[in-house]
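This is what each chain is made of:
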Amino acid sequence: MSVNLVEQDIFTEKEPDTLNPDERKGKLEDENSLGRDVRFYPPLYMQRYSYTANILEKHNVEWVVDFGCSECGIVRFYREVPTLRKVQLVDIDRETLEFHKNCIKPHASDYIFKRKNPLSIEIYEGSAVNLDQRVTGCDAVSMVEFIEHLVPDILVKVEDAVFGRLHPFLVIVTTPNFEFNTLFPGKLRFRHFDHKFEWTRKEFQKWCQDVCDKYRYSVEFSGIGDPPEESQQLGYCSQAAIFTSSSQSKPTVDSDGNCYCLVAQSIFPHRDKELLLSPEEILKLEVTFTINLLKQSYPDKYSDQEQDEEQMEISIKQLMLFSKISKLVNADRLSHHIIHMDYPWDEDVTYRIWGKGQVHWTLK
């Protein structure tokens, strides 16, 4: 990940508790650029979501509850986790959930390239202090940049609800690393007006160890957002903890009934049975779909030209930008595949390869 720190007026000279509501709306974190010479690419929030999704896939999680989902942006990454069958997003802000609820709908491509496993995504208005019976029995809980928004007495209640009563096998927690804030311009302060605290690594690790001792978990520490070379001693921008339960069986959960309000739900299409295709056949389908998709993305001007023919070019490099292709082959293997496979092109398209893996179209 490249690192450059640049903040857009987040650390102003005005104290967070003196901001009026209109000012506070504009003081949200711009996580792609948070300070002097440090810039995160991909944006830090995407790195956190990707990190969390990878942990879920590594542990073969089938059912996850995300508390404090806010704008539901994490669903973009969770929907790509092949093991997941149920995702539940929970937040107390109904207005924000309503505004972003359409992001959980399947895309057109989800009906073409269907998942192997079924997937249900649900959005709930509710508090992590309470446990709706519909979230009981989950495999994992994620709380991404969530706990720092809680006042101490509410945090204690959330700890008990998640680690004690719900007690999933896996819990993933990320929170700002206060030590990293010294890289930001202006005087040292919290990153967001609504943060009730921001912990150093020592403070966060003590809280995590206390949770482990009380609720029978073990914990591993990591982080997201590498510091600049000269500031390695500060640690990651966001610190992360992965808790795994020491219990051998799932507890009987004392829920609070149906205390959440369902805001939206989506059911994703999936394959009724496993496709019995060879790797070459799968690659052929992916390449055909991708090239036709790129073909359609060209302007309509080509169809209105008076000339007998116009030319469009696509490189192997462009095709490799599509993850479903790059996960199957490298660039050399893709070039070899295209040269030696017959593709069912439309009659108005002639096609050939030349140079270093260049695909050449001629539209007639």
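For the structure given in this document, a descriptive report is provided here.

Rules of the game
Residues numbered from 1 in each chain as written. Predicted model: local features only at pLDDT ≥ 70, side-chain atom pairs only at ≥ 80, totals over all residues. Heavy atoms only, no water. Helix = DSSP H or I, 4+ residues; strand = E, 2+ residues; numbered from the N terminus. Expected span 1.5 Å × (residues − 1). Buried < 20%, exposed > 50% of the residue type's maximum accessible area, 1.4 Å probe, protein only. Arc of directions from axis to C-beta. Contact = heavy atoms within 4.5 Å. Core = buried A, V, L, I, M, F, W, Y, C linked by side-chain atoms within 4.5 Å. Phe/Tyr/Trp six-rings, centres within 6.5 Å; stacked < 30°, edge-to-face > 60°. Lys NZ or Arg CZ within 6 Å of the ring centre and 35° of its normal. Pairing = 2+ DSSP bridges.

1. Things to note about helix α7 (residues 201-215)
For α7, spanning 15 residues, the distance from its first C-alpha to its last is 21 Å, which sits close to the expected 21 Å at 1.5 Å a residue. Restricting attention to buried positions, one finds in α7 the residues F204, W207, C208, V211, C212 and Y215. Down the axis, α7 shows its buried residues gathered within 140° of arc, on one side only. In α7, the exposed residues that point more than 90 degrees away from the buried face are K202, K206, D213 and K214. Those residues of α7 that are buried lie in contact with α6 (152-166), β7 (170-176), β8 (217-224) and β9 (238-245). Where α7 terminates, the next one or two residues include R216, which has phi positive at roughly 65°.

2. Observations regarding the nonpolar core
Among the nonpolar cores identified, the biggest contains 40 residues, and L56, L84 and L89 are the most heavily contacted of them. Contributions of two or more residues to this core are made by α2 (44-58), α3 (75-78), β4 (86-91), β5 (119-125), β6 (140-144), β7, β9 and β10 (261-268). Here this core gets seven residues from one element, more than from any other, and that element is α2. Beyond its immediate chain neighbours, meaning those up to four positions away, L56 contacts V61, V64, Y78, T83, L84, A140, L170 and I172. Core analysis: the second largest hydrophobic core is formed by 35 residues, W63, Y124, F146 and W199 among them.

3. Describing the packing of aromatic side chains
Considering all chains together, one arrives at 16 aromatic pairs under this definition. Judged by centre distance (4.9 Å) and plane angle (70°), the rings of F163 and F243 are edge-to-face. With F163 in helix α6 and F243 in strand β9, the pair connects residues that are 80 residues apart, well separated along the chain. For F243, a relative accessible area of 0% translates into the label buried. Consider the rings of F204 and W207, whose centres lie 6.1 Å apart with planes at 15°: the pair is stacked. Residue F204 and its partner W207 are located together in helix α7, separated by three residues, close to a single helical turn. No difference in accessibility class separates F204 from W207, as the two residues are buried. Through successive ring pairs, a cluster of aromatic residues spans F163, F197, W199, F204, W207, Y215, Y217, F221 and F243. One Lys or Arg, K86, reaches over the ring of W63 and ends 4.2 Å from the middle of that ring.

4. Let's talk about the pairing of strand β3 (residues 63-67)
Of all five residues in β3, five are buried; the element is thus mostly enclosed. Sheet topology note: the β3/β4 ladder contains five bridges and is parallel. Each bridged residue has a counterpart across the sheet, and for V64 the counterpart in β4 is V87. Here β3 pairs with β6 via three bridges, running parallel. In the sheet register, V64 faces β6, and the bridge partner there is A140.

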